[in-house]
Amino acid sequence: MQQVAAEAEELSLAERAYRGIRDRLVMLEIRPGAPINEEQLGQSLGVGRTPVREALKRLQYERLITTYPRRGTFATEVNITDLAHISEVRLELEPLAAAQAARRATAADRANLTALRTELEDGGLGRDPAELMRLDLRVHRAVYTATHNPYLEDTLVRHDNLATRIWCLFVDRLSGMAGHVEEHGPLIAAIVAGDADRAARLARSHVEGFERAVREAI
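Note that the coordinates shown come from a computational prediction; the quantities given were computed from them, not determined experimentally. (Residues numbered from 1 in each chain as written. Predicted model: local features only at pLDDT ≥ 70, side-chain atom pairs only at ≥ 80, totals over all residues. Heavy atoms only, no water.)

A. How the structure looks around the overall build of the protein chain. Along the protein chain, the regular secondary structure elements total 10 helices and two strands. Its helices and strands taken in sequence order, the protein chain reads α-α-α-β-β-α-α-α-α-α-α-α from the N to the C terminus. Its C-alpha radius of gyration of 18 Å places the protein chain within 12% of the 17 Å reference for a compact globule of 218 residues. Within the span of the protein chain, comprising 218 residues, buried residues form 46% of the whole. Considering only intrachain contacts with a sequence separation of at least 6, the fraction spanning at least 24 residues in the protein chain is 76%. When the accessible surface of the protein chain is split by element, carbon and sulfur atoms take 50% of a total near 11500 Å². Here the protein chain contributes 29 positive and 33 negative side-chain charges, whose respective centroids are spaced 3 Å apart. (Helix = DSSP H or I, 4+ residues; strand = E, 2+ residues; numbered from the N terminus. Rg over C-alpha atoms; globule rule 2.2 N^0.38 Å. Buried < 20%, exposed > 50% of the residue type's maximum accessible area, 1.4 Å probe, protein only. Contact = heavy atoms within 4.5 Å. Areas by Shrake-Rupley, 256 points an atom, 1.4 Å probe, with all protein chains shown as cover. Lys, Arg positive; Asp, Glu negative; His and termini not counted. Charge placed at Lys NZ, Arg CZ, Asp CG, Glu CD.)

B. Focus on the packing of helix α6 (residues 129-146) against helix α7 (residues 150-169). Interaxial distance between α6 and α7 falls to 10 Å at its minimum, and their mutual angle equals 165°. As the angle between them shows, α6 and α7 are arranged roughly antiparallel. In this structure, α6 meets α7 at a crossing whose hand is right-handed. Judged by residue contacts, Met133, Asp136, Leu137, His140, Arg141, Tyr144 and Thr145 of α6 engage Glu153, Leu156, Val157, Asp160, Asn161, Thr164, Trp167 and Cys168 from α7. Tallied by class, the residues present in the contact of α6 with α7 amount to seven nonpolar, four polar and four charged. (Axes fitted to C-alpha atoms, helices over the stretch in contact; angles between N-to-C directions. Parallel < 35°, antiparallel > 145°, perpendicular 65-115°, else oblique. Left-handed = near helix turned anticlockwise from the far one by under 90°. Nonpolar A, V, L, I, M, F, W, Y, C, P; charged D, E, K, R; others polar.)

C. Representation of the environment of Ala99. Position of Ala99 among the secondary structure elements: in helix α4 (residues 82-104). Judged by relative accessible area, Ala99 falls into the buried class, the value being 7%. Taking the C-alpha atoms as reference points, Ala99 and Thr145, separated by 46 residues in sequence, lie 12 Å from one another. Filtering out sequence-adjacent residues up to four positions away, Ala99 remains in contact with Ala196, Ala199 and Ala200.

D. Region of the structure containing the environment of Leu83. Relative to the elements of secondary structure, Leu83 occurs in helix α4. Taking the C-alpha atoms as reference points, Leu83 and His206, 123 residues apart in sequence, are found 15 Å from one another. Setting aside chain neighbours within four positions, we find Leu83 in contact with Ile166, Phe210, Glu211, Val214 and Arg215.

So, in structure tokens, the structure goes:
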């Protein structure tokens, strides 16, 4: 029993390390190309080296870090040429996720989405860019969770993370950022109402608008 409890604790620590490091990489708090220091990350997150190493294995698979023999581990660079590839995937899967969320969302999912919509409406325009991007991530992840398809959810979380890194890189040049985030209001309303077709249309329009805005900022 003690061994099982220890393994469960290690798993939860690895998950905490993963989420903490992932979001620092996504928000560019760990800058592209920066070296990854396992000891410093462990100390800042309050976990040991083993959970950090487990987290880094996952993050390498998700293209957020890369390891070079005899050089070490680094945050991946943000390459604008990746935008077209990422958008190609998201244009197909974001509408699917929105439609499936509208069909499958539980009462708890709808309550969570409704709370996020309220948060969007309560002073979204007054938020700083970093706060807006974190809210955007939370909305996307809530929609993906509401699909109740773990494979679709995992795929879209990875691609949304990569898209957000591009967004963070160009945030100083982007106009209408708050409006882009607040587009989620009608999308959430469609999902909560169970309108799969409208949710899909709004999700596709949102992805198209994101790619257009980034290209205009380059």
